[in-house]
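# Report on the structure
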Amino acid sequence: MVIETYNLTKKFNGKGGFENISLSVKEGEVFSFLGKNGAGKSTFIRTLLGILYPTSGGGLILKKPLGDVNVRKKIGYLPELFQYHNWLTGYELLFNHGLLYKMDKENIKKRIEEVLNIVGLKGHEHKKIKEYSKGMKQRIGLGCAILSDPKLLFLDEPTSALDPVGRKQVRDIIFKLKNEGKTIFLNTHLLSEVELVSDRVAILDKGIVKEVGTMRELMNSPILLSIGNLNENIINELKKFDPTLKKVGDKIEMYVNDDEVLPKIAQCVIKNEGLLYMMKRKENVLEELFIKTVGEGDER
Ligand SMILES: Nc1ncnc2c1ncn2[C@@H]1O[C@H](COP(=O)(O)OP(=O)(O)OP(=O)(O)O)[C@@H](O)[C@H]1O
């Protein structure tokens, strides 16, 4: 495991923060922490990084106790609302970041070239950051986070402030990093991001983990089929797969939860000369689960 926590709790004078979080993150996975504003996501990352001292409980990062100074060099962190040094060029920002990591100068120069390609800023590195768009600023922030080639990356709301194009660019970088074998811990409140990039998700509500699982476990999304050219035989046979199937116009609509039955349904449709008009997963399942879990009330 790359991250393990045991009943980890951080409170501020008994309030806010998060409590009793026990979870583990495997090497190479994208693990997303999903929660409303104020749920405790940033406090959790900051506690894992050793910036905040836990109130109780503990954990391991890259097999070392939280706060271990040597581990910090192997971790990349893109904080929420990263403060950019607007007067520097992208290149200068990356270079200074490398010096902070105590990398040697030749290595920094070599790594900057790689990082500029990964974050898609090659050709823009000598512009001042004040001339960068929001998306470019977020990508140079990501560049800083990956400069030391860390095994583990913490990204705190990396796409919240971006337009759809900027979001896609950041998402593509996350995929690239995942393909390189990095482990990524992502904080977000954007459900669409979670659906697209995560292997596993935890839903955090007022500091408490309410759900955790793979996307498939959490979404367990039924599949909707619409079938026409009906006769009594086909309806009776399809009822075995979904006893609650409904007639809608001249077609039937039915739901199944298990992909394994799809070939059997296909055989039944073909045998009875039915016509398959639609087959799709039910949408917004994660949104429904999220709202059910955290409620529609205001943040705390
Ligand atoms: N330094 C602090 N002192 C006191 N309370 C704090 C401190 N930092 C966070 N909190 C409180 O802890 C709770 C969790 O805050 P946190 O910033 O971790 O939430 P979040 O899920 O990251 O939200 P957001 O998406 O708005 O950043 C909030 O109630 C917040 O007010």
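Residues numbered from 1 in each chain as written. Predicted model: local features only at pLDDT ≥ 70, side-chain atom pairs only at ≥ 80, totals over all residues.

## Let's talk about the overall build of the protein
- If you tally the helices and strands in the protein, you get eleven helices and 15 strands.
- Expressed as lengths along the three principal axes of its C-alpha atoms, the size of the protein is roughly 75 × 50 × 35 Å.
- Every one of the 300 residues in the protein was classed for burial, and the buried ones make up 33%. (Helix = DSSP H or I, 4+ residues; strand = E, 2+ residues; numbered from the N terminus. Buried ≥ 20, exposed ≤ 12 C-beta atoms within 10 Å, placed from the backbone.)

## Remarks on the sheet that holds strand β12 (residues 223-228)
- The four strands lie next to each other as β13-β14-β12-β15, forming an open sheet whose pairing is antiparallel. The strands lining the two open edges of the sheet, one partner per strand, are β13 (246-248) and β15 (275-281). Ignoring which end each strand starts from, the neighbouring axes of this sheet average 25° apart.
- For β12 and strand β14 (residues 251-256), the ladder comprises five bridges, and the chain directions are antiparallel. Its bridge partner lying in β14, Leu225 is registered against Met254. (Pairing = 2+ DSSP bridges. Axes fitted to C-alpha atoms, helices over the stretch in contact; angles between N-to-C directions.)

## Considering the UniProt feature "domain: ABC transporter" (unreviewed entry) in the protein
- Per the UniProt entry, the sites bearing "domain: ABC transporter" (unreviewed entry) are residues 3-231 in this numbering.
- Along residues 3-231, the helical share is 34% and the strand share 29%, with 56 Å between the first and last C-alpha atoms. (UniProt positions renumbered as here; feature names shortened; annotations may be inferred.)

## Some points on the site of the ligand
- Around the ligand sit 14 residues, and of these Phe12, Gly16, Asn37, Ser42 and Thr43 come closest.
- For the shell around the ligand, the secondary-structure elements that each account for two or more residues are β2 (15-21) and α1 (41-48).
- The greatest single-element share of the shell around the ligand, amounting to three residues, is contributed by α1.
- Its residues assigned to classes, the shell around the ligand shows two nonpolar, nine polar and three charged. (Near = placed C-beta within 6 Å. Nonpolar A, V, L, I, M, F, W, Y, C, P; charged D, E, K, R; others polar.)

## Description of the domain arrangement of the protein
- By domain assignment, the protein separates into domain 1 (3-216) and domain 2 (222-281).
- The C-alpha centroid of domain 2 is placed 45 Å from the C-alpha centroid of domain 1. (Domains from an automatic or database assignment.)

## Remarks on the sheet that holds strand β9 (residues 183-188)
- The strand order across the open sheet built from six strands is β7-β8-β9-β4-β10-β11, with neighbouring strands paired in mixed fashion. Whereas interior strands pair on both sides, the edge strands pair on one side only; in this sheet they are β7 (75-78) and β11 (208-214). For this sheet, the mean inter-axis angle between neighbouring strands, taken without regard to orientation, is 15°.
- Direction of pairing for strand β10 (residues 200-205) relative to β11: antiparallel, over a ladder of six bridges. For Leu204, the partnering residue across the bridge sits in β11 and is Val209.

## With respect to the environment of Leu100
- The residue Leu100 is located in helix α3 (residues 90-100) in this model.
- Here Leu100 falls in the exposed class, since 11 other C-beta atoms lie within 10 Å of it.
- A sequence separation of 27 residues divides Leu100 from Lys73, and the C-alpha atoms of the two residues are 10.0 Å apart.

## Structural notes on the environment of Thr244
- Here Thr244 shows up in the loop between α9 (232-239) and β13.
- By C-beta crowding, Thr244 is classed as exposed, having 7 other C-beta atoms within 10 Å.
- The spacing of Thr244 and Tyr255 is eleven residues in sequence and 8.4 Å in space, taken between C-alpha atoms.

## Quick notes on the pairing of β2
- The pairing of strand β1 (residues 3-12) with β2 spans three bridges and is antiparallel. Paired with Leu8 across the strands is Ile21, a residue of β2.
- Taken together, β1 and the strand that follows it, β2, pair antiparallel across an intervening segment of two residues, in which Asn13 is found at a positive phi of about 50°.

## Quick word on α3
- Looking only at α3, the buried set comprises Gly90, Leu93, Leu94, Phe95, His97 and Gly98.
- Count one or two residues on from α3 and you reach Lys102, which has phi positive near 60°.

## A short note on unusual backbone geometry
- With a phi angle near 45°, Leu62 is a residue other than glycine that sits in the positive phi range.
- With respect to the helices and strands, Leu62 occurs in the loop between β5 (56-61) and β6 (64-65).
- C-beta crowding within 10 Å serves as the criterion here: with 18 such atoms nearby, Leu62 is assigned to the partly exposed category.
- Although it is not a glycine, Lys206 sits at a positive phi angle of roughly 45°.
- If you trace the backbone, Lys206 turns up in the loop between β10 and β11.

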